[in-house]
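Examining the three-dimensional arrangement
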Amino acid sequence: MSASDPKPSPGPGPRILRLEVSSTTLLKLVLLGLSCWGLIRLWPVILVLVVALLIMGTLSPAVQWLESRRVRRGLGIAIVFTALFTVGVLVVTLTIPSLVAQATELLEREPAFRASLADHLAQYPLSASFATWLRNLNYGAPWSQVGATALSYSLRLFEIAAYGMSALFLALYMMVDRDRLRGGLFAMVPRTHHIRLSRVMLNLETIVGAYIRGQLVTCLLIGAFTFVLLTACGVKNAMALAVFAGIADVLPYIGAILSVVPAVLVALSHSPTAAVIVLVMMLAYEEFEGRVLIPRIYGQALRLPSSVVFFALMAGGTLMGLLGALLALPVAATVMMLIEELRVELPGEQEQDADVVLRARDDLAEEEYERRTEGVAAQEAAAIAVEISVDRRKEERSPPAP
């Protein structure tokens, strides 16, 4: 290399990466962390609010029906809640003492029932090993822990009852002060989104009301059917088993198995013929409920495929246990409704002619709302938005003119 040749440039030095977080971003992260911490700490209060909204959505149609009969809203709310309280007191007074007595008798008869069932199973080679396991089954807690366990469950039941009463009174206050609360909600949302917000609220009320009322109807029907069936077959403690079947029926698919198995096992201790009759009739009723009752009772409120129902139940049960499983279906239906109402464009979907028509109707409804609410307070504007959304829903549901 000659002296005149240029010297090779030195290689690039080490690169230094600087991560700078602005004060605004840091403040947002702190607020996010505090919000998550507050949600965790206030989780029981949030559950009370959710249950209160469920109660409100369930009872609102009854109040609206009374209002359509020229009953003042305050008086209608008083009538509905008084009827609910009266029915609750009658149910507790008429069923709880008998239910506790029958449940106690079932627990006392459990060793004899288990021995009888093991004797039946021991007669067949395939179930002989299961009969031996059943005879040697020991799942009872030590007597020293029974008192502590009973006290723990009693405190837990008292806590659930207190939260339930809080949710009931909160629902009452929210129904009485509906207009002011709705006006406050609409005041925090831009006017351009009021029509869509009112439609979302109406659909939420439809989903929640249909789900809760449907659950009550199906639970009462399967409970009554189980009670009549077991009584006709001569099976003892029919009421306790019927109540268990009604409670288990709140879980789709899983509840069917949970309601059938105890009834069949107790009927087997009575006679094999009674067990076969109970099994056949319960399975037939479950099929009737799934294919006839549920579509008619729920209607179009929960338009969920079976795969979505099953996944929602597993996810809700894993995250929040029984309460999560109960809330899984209305939450899934709400998510699907929000995707439809907010006109969210999914990656694999293309805009159809029906979507264009819906967007045009949205624009017309928003123009009408802006015209009617010019210079109007948020509370009155909320009532007008709901009125426009109700009229539009009626137009969508009415058959087209020939």
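Below is a summary of the structure that appears in this document. Everything quoted here is computed from the prediction, not taken from an experiment. (Residues numbered from 1 in each chain as written. Predicted model: local features only at pLDDT ≥ 70, side-chain atom pairs only at ≥ 80, totals over all residues. Heavy atoms only, no water.)

Details of the overall build of the protein chain
Within the protein chain, the regular secondary structure consists of 13 helices and zero strands. Put simply, the protein chain runs from its N terminus to its C terminus through helices and strands in the order α-α-α-α-α-α-α-α-α-α-α-α-α. Contacts in the protein chain between residues at least 24 apart in sequence constitute 69% of all its contacts with a sequence separation of at least 6. Accessible surface computed for the protein chain: about 26,800 Å², of which carbon and sulfur atoms make up 69%. (Helix = DSSP H or I, 4+ residues; strand = E, 2+ residues; numbered from the N terminus. Contact = heavy atoms within 4.5 Å. Areas by Shrake-Rupley, 256 points an atom, 1.4 Å probe, with all protein chains shown as cover.)

A look at the nonpolar core
By size, the foremost hydrophobic cluster in this structure holds 21 residues, and its most contacted members are Leu230, Cys233, Val235, Ala267 and Val278. Those elements giving two or more residues to this core turn out to be helix H3 (73-122), helix H4 (128-135), helix H7 (194-232), helix H8 (238-248), helix H9 (254-270) and helix H10 (272-298). No other element matches H9, which puts six residues into this core. When neighbours within four sequence positions are excluded, Val278 is seen to be in contact with Leu229, Leu230, Cys233, Ala263, Val264 and Ala267. Formed by 16 residues, the second largest nonpolar core is a distinct cluster that contains Leu304, Ala312, Leu313 and Met337. (Core = buried A, V, L, I, M, F, W, Y, C linked by side-chain atoms within 4.5 Å. Buried < 20%, exposed > 50% of the residue type's maximum accessible area, 1.4 Å probe, protein only.)

As for the packing of aromatic side chains
Per the stated rule, a full pass over the model turns up two aromatic pairs. Look at Phe225 and Tyr285: their rings are 4.6 Å apart centre to centre, the planes differ by 15°, and that puts the pair in the stacked class. Here Tyr285 lies in helix H10 and Phe225 lies in helix H7, a separation of 60 residues in the sequence. A residue is classified by how much of its surface remains accessible, and Tyr285, at 9% relative accessible area, is buried. With a centroid separation of 6.4 Å and 50° between ring planes, the pair formed by Tyr285 and Phe288 is classed as tilted. (Phe/Tyr/Trp six-rings, centres within 6.5 Å; stacked < 30°, edge-to-face > 60°.)

Structural notes on the packing of helix H6 (residues 178-187) against H7
It is at 11 Å that the axes of H6 and H7 come closest, and there the two elements cross at 135°. Overall, the two elements H6 and H7 adopt an arrangement that is oblique. Seen along the crossing, H6 lies across H7 with a hand that is right-handed. In contact with Arg182, Leu185 and Phe186 of H6, H7 contributes His194, Leu197, Ser198 and Met201. Looking at the contact of H6 with H7 residue by residue, the class counts come to four nonpolar, two polar and one charged. (Axes fitted to C-alpha atoms, helices over the stretch in contact; angles between N-to-C directions. Parallel < 35°, antiparallel > 145°, perpendicular 65-115°, else oblique. Left-handed = near helix turned anticlockwise from the far one by under 90°. Nonpolar A, V, L, I, M, F, W, Y, C, P; charged D, E, K, R; others polar.)

A look at the pattern of salt bridges
Tallying each qualifying case throughout the model produces six salt bridges. The partner of Arg178 in a salt bridge is Asp179, and the shortest N-O contact between them spans 3.0 Å. In this structure Arg178 comes out as partly exposed when scored by relative accessible area, which is 23%. For Arg182, the salt bridge is made with Asp179, and the minimal N-O distance between the two is 3.4 Å. On the criterion of helical spacing, the pair formed by Arg182 and Asp179 is a turn pair, its members being three residues apart in helix H6. For Arg182, a relative accessible area of 13% corresponds to the buried category. By sharing partners, the salt bridges in this structure join Arg178, Asp179 and Arg182 into a single network. (Salt bridge = Lys/Arg side-chain N within 4 Å of Asp/Glu carboxyl O.)

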